[in-house]
Number of protein chains: 2
Amino acid sequence: MKLSKKGEYALRALIDLGIAAEVDRELVQVAELAEKELIPIKFLEQIMQEMKAAGLVVSQRGKFGGYRLSGPASEISIGSVIRLIDGPLAPIGCVSHTVYEKCSCPDETHCGLRMLMLDVRNAIAGILDRYSLADVVDVTTRKMKRNNIPLPFSESRHPPSGSARCRLLPSRGARATVPLEQRLAPVEGLLSNLLPDYTI
Amino acid sequence: MKLSKKGEYALRALIDLGIAAEVDRELVQVAELAEKELIPIKFLEQIMQEMKAAGLVVSQRGKFGGYRLSGPASEISIGSVIRLIDGPLAPIGCVSHTVYEKCSCPDETHCGLRMLMLDVRNAIAGILDRYSLADVVDVTTRKMKRNNIPLPFSESRHPPSGSARCRLLPSRGARATVPLEQRLAPVEGLLSNLLPDYTI
DNA sequence: TCTAAACCAGATTGATTTGATAGGAATTAA
DNA sequence: TTAATTCCTATCAAATCAATCTGGTTTAGA
């Protein structure tokens, strides 16, 4: 039931880009992401390109280039990222909604294992498809603020001259995400449990 | 988030042994299990030995030997089987309860991904540790009965002479498992949903 | 125009895991 | 004694994973 390193790296990088967007940092270079997250730079480069091809991020080439999210973090579900990098969420192919695959068992309709794994799949997807990148970013930045840890990416790394620069991203103003409080109340051990802010 | 073939085979074999116990079949040979479940026999042999070493099943060597569950199916949790064969249930090491492993991220306490994955781990473990082999066997046999499908393993494959044979297993009489109805009510897509028997 | 910084692209590699096979040794019922 | 079965160990091929290497192309700015 593992998430691959690649998937982990992809998500960590996306979360960073989400934080960067939050603090109006328009571009982040692969090198900076890799350094902060302790990810092999060339490997991350590969991953970023995969995500670019999928439309999750956009890039600016050339000197002082970098990556940013292609749109609001609230519209990227965690599940979709994992599906992109690691494939279906389902533990076995015969319960996958996105990439169903017939299994070798003689009678699928009377397979108790399948029934159980369907529940597991639904539990996983129920979490990973419900929460967006914005939610994870939100939770992360809140916790950092609460603990007086400065948010990363506040300073552009290479602003060669001094001060005001044109923004690549239109200001999104207030976050567009539906606040967590208004969502389906979690049952057990959800993000909320980790954050006294959210009382359910 | 995959369950390995090995894990799948292990569970399918255990479910079969559970059904076998239910119909008072005392021993099942690897060959029979493999044939029924379309599992490569030599591979299953290996798996059975691993499970034997872990104490999940016991074997009878020699002619007309075979395997059976070492105890009541109600005392084998699905989670423990998967942990044995595939390792921890957690998607990443830093949220594993059984085999914690420090992850490479710079600040574990402010890692949003980790918080999320902890929830995923809890969701998975919440299912797989809650349900026992007996539950899965139960659900399977009920469905088969409802659809008038004869339970497998009703006939011992090699009863060379005719009729009554001494039982290796003491009759367990009524099942010792706590019925599903009395358990924690599931929220979404649990086994119950697949079985109109259980109305929640 | 030149150059350094950055992304882009594809091939390659090495380690590990997965899924399986092979061949026989030990055990046991008949 | 024989046949059927588990037990044991070794080996293997393919896939996947995680990463690296090499060399491009694009771009901002001096």
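Residues numbered from 1 in each chain as written. Chains lettered and ligands numbered in written order. Predicted model: local features only at pLDDT ≥ 70, side-chain atom pairs only at ≥ 80, totals over all residues. Heavy atoms only, no water.

Looking only at helices and strands, chain A features seven helices and two strands. Mapped in sequence order, the helices and strands of chain A form the string α-α-α-β-β-α-α-α-α. Across the 200 residues in chain A, those meeting the buried criterion constitute 50%. Counting contacts in chain A only where the partners sit at least 6 residues apart, residues at least 24 apart contribute 68% of the total. With the model as given, the accessible surface of chain A reaches about 9500 Å², and the carbon-plus-sulfur share is 54%. (Helix = DSSP H or I, 4+ residues; strand = E, 2+ residues; numbered from the N terminus. Buried < 20%, exposed > 50% of the residue type's maximum accessible area, 1.4 Å probe, protein only. Contact = heavy atoms within 4.5 Å. Areas by Shrake-Rupley, 256 points an atom, 1.4 Å probe, with all protein chains shown as cover.)

We now examine the packing of aromatic side chains. Residues and elements named next belong to chain A. Across all of its chains, the model carries two aromatic pairs over all chains by this definition. Judged by centre distance (5.8 Å) and plane angle (85 degrees), the ring pair of Tyr9 and Phe43 falls under edge-to-face. With Tyr9 in helix α1 (residues 5-22) and Phe43 in helix α3 (residues 41-53), this pair connects stretches of sequence that are 34 residues apart. Exposure remark for Tyr9: the relative accessible area of 8% places this residue in the buried category. Residue classification places Phe43 among the partly exposed positions, given a relative accessible area of 28%. (Phe/Tyr/Trp six-rings, centres within 6.5 Å; stacked < 30°, edge-to-face > 60°.)

With that out of the way, let us pick up the nonpolar core. If you look at the biggest cluster of nonpolar residues, it comprises 106 residues, and the most contacted ones within it are Met48, Met117 and Leu128 of chain A together with Met48, Met117 and Leu128 of chain B. In contact with Leu128 of chain A, other than residues within four places in its own chain, are Ser77, Ile78, Gly79, Ile82 and Leu89 of chain A together with Met1, Leu116, Met117 and Val120 of chain B. (Core = buried A, V, L, I, M, F, W, Y, C linked by side-chain atoms within 4.5 Å.)

The sheet contact formed by strand β1 (residues 57-60) of chain B and strand β2 (residues 66-69) of chain B spans four bridges and is antiparallel. Paired with Val57 of chain B across the bridge in β2 of chain B is Leu69 of chain B. (Pairing = 2+ DSSP bridges.)

Neighbouring residues of DNA strand C: 31 residues in total, closest Lys52, Ser59 and Tyr67 of chain A together with Lys42 and Gln46 of chain B. For DNA strand C, the backbone makes up 63% of the atoms found within 4 Å of the protein, where backbone means sugar plus phosphate. Between Lys42 of chain B and DNA strand C, the recorded distance is 2.7 Å, taken from a side-chain N or O atom to a base oxygen. Elements represented by at least two residues in the surface near DNA strand C include exactly α3, β1 (57-60) and β2 (66-69) of chain A together with α1 (5-22) and α3 (41-53) of chain B. At five residues, α3 of chain A tops the list of elements feeding residues into the surface near DNA strand C. Of the residues belonging to the surface near DNA strand C, the class tally is eight nonpolar, 13 polar and 10 charged. (Near = heavy atom within 4 Å. Polar contact = N/O pair within 3.5 Å; in protein donor to acceptor, adjacent residues only side chain to side chain. Nonpolar A, V, L, I, M, F, W, Y, C, P; charged D, E, K, R; others polar.)

With that out of the way, let us pick up the relation of the copies chain A and chain B. Two chain copies here: they are related by a rotation about an axis and a translation along the same axis. When chain A is brought onto chain B, the operation consists of a screw motion whose angular component is 180 degrees and whose axial shift is 0.0 Å, with 0.0 Å RMSD remaining. Here the transformation between the copies is reduced to the relation of a two-fold axis. Ranked by how close their C-alpha atoms come to the rotation axis, the residues of chain A are headed by Met1 of chain A, at 1.9 Å. Comparing interface residues between copies, 96% of those in chain A also lie at the interface in chain B; the contact surface is shared. (Least-squares fit on C-alpha atoms with pLDDT ≥ 70 in both.)

Attention now goes to the domain arrangement of chain A. Residues and elements named next belong to chain A. Assigned domains within chain A: domain 1 (1-76 + 132-169) and domain 2 (87-131). In this structure, domain 1 and domain 2 have C-alpha centres spaced 32 Å apart. For the pair domain 1 and domain 2, the summed buried area comes to about 260 Å², and 74% of that belongs to carbon and sulfur atoms. For the pair domain 1 and domain 2, the interface holds zero salt bridges. Looking at the side of domain 1 that touches domain 2 residue by residue, the class counts come to two nonpolar, one polar and one charged. (Domains from an automatic or database assignment. Buried area = accessible area lost by both parts, 1.4 Å probe. Salt bridge = Lys/Arg side-chain N within 4 Å of Asp/Glu carboxyl O.)

Residues and elements named next belong to chain A. Even without being a glycine, Leu38 presents a positive backbone phi close to 60 degrees. Turning to its location among the elements, Leu38 is positioned in the loop between α2 (30-37) and α3. Look at Phe153: it is not a glycine, yet its phi comes out positive at around 65 degrees.

On to the interface of chain A and chain B. Contacts between the two partners involve 53 residues from chain A, matched on the other side by 51 residues from chain B. The junction of chain A with chain B conceals about 4700 Å² of combined surface from both sides, 68% of it contributed by carbon and sulfur atoms. For the pair chain A and chain B, the number of links is zero salt bridges. When contributions to the side of chain A that touches chain B are tallied by element, the ones reaching two or more residues are α1, α2, α4 (78-86), α5 (112-128), α6 (133-146) and α7 (191-194) of chain A.

With that settled, the discussion passes to α5 of chain A. A rise of 1.5 Å per residue sets the reference length of α5 of chain A, with its 17 residues, at 24 Å; its end C-alpha atoms lie 24 Å apart and thus fit the reference within 8%. Along α5 of chain A, 15 of the 17 residues are buried, which leaves the element largely enclosed by surrounding structure. (Expected span 1.5 Å × (residues − 1).)

By the secondary structure assignment, Ile127 of chain B is in helix α5 (residues 112-128). You can call Ile127 of chain B buried: its relative accessible area is 7%.

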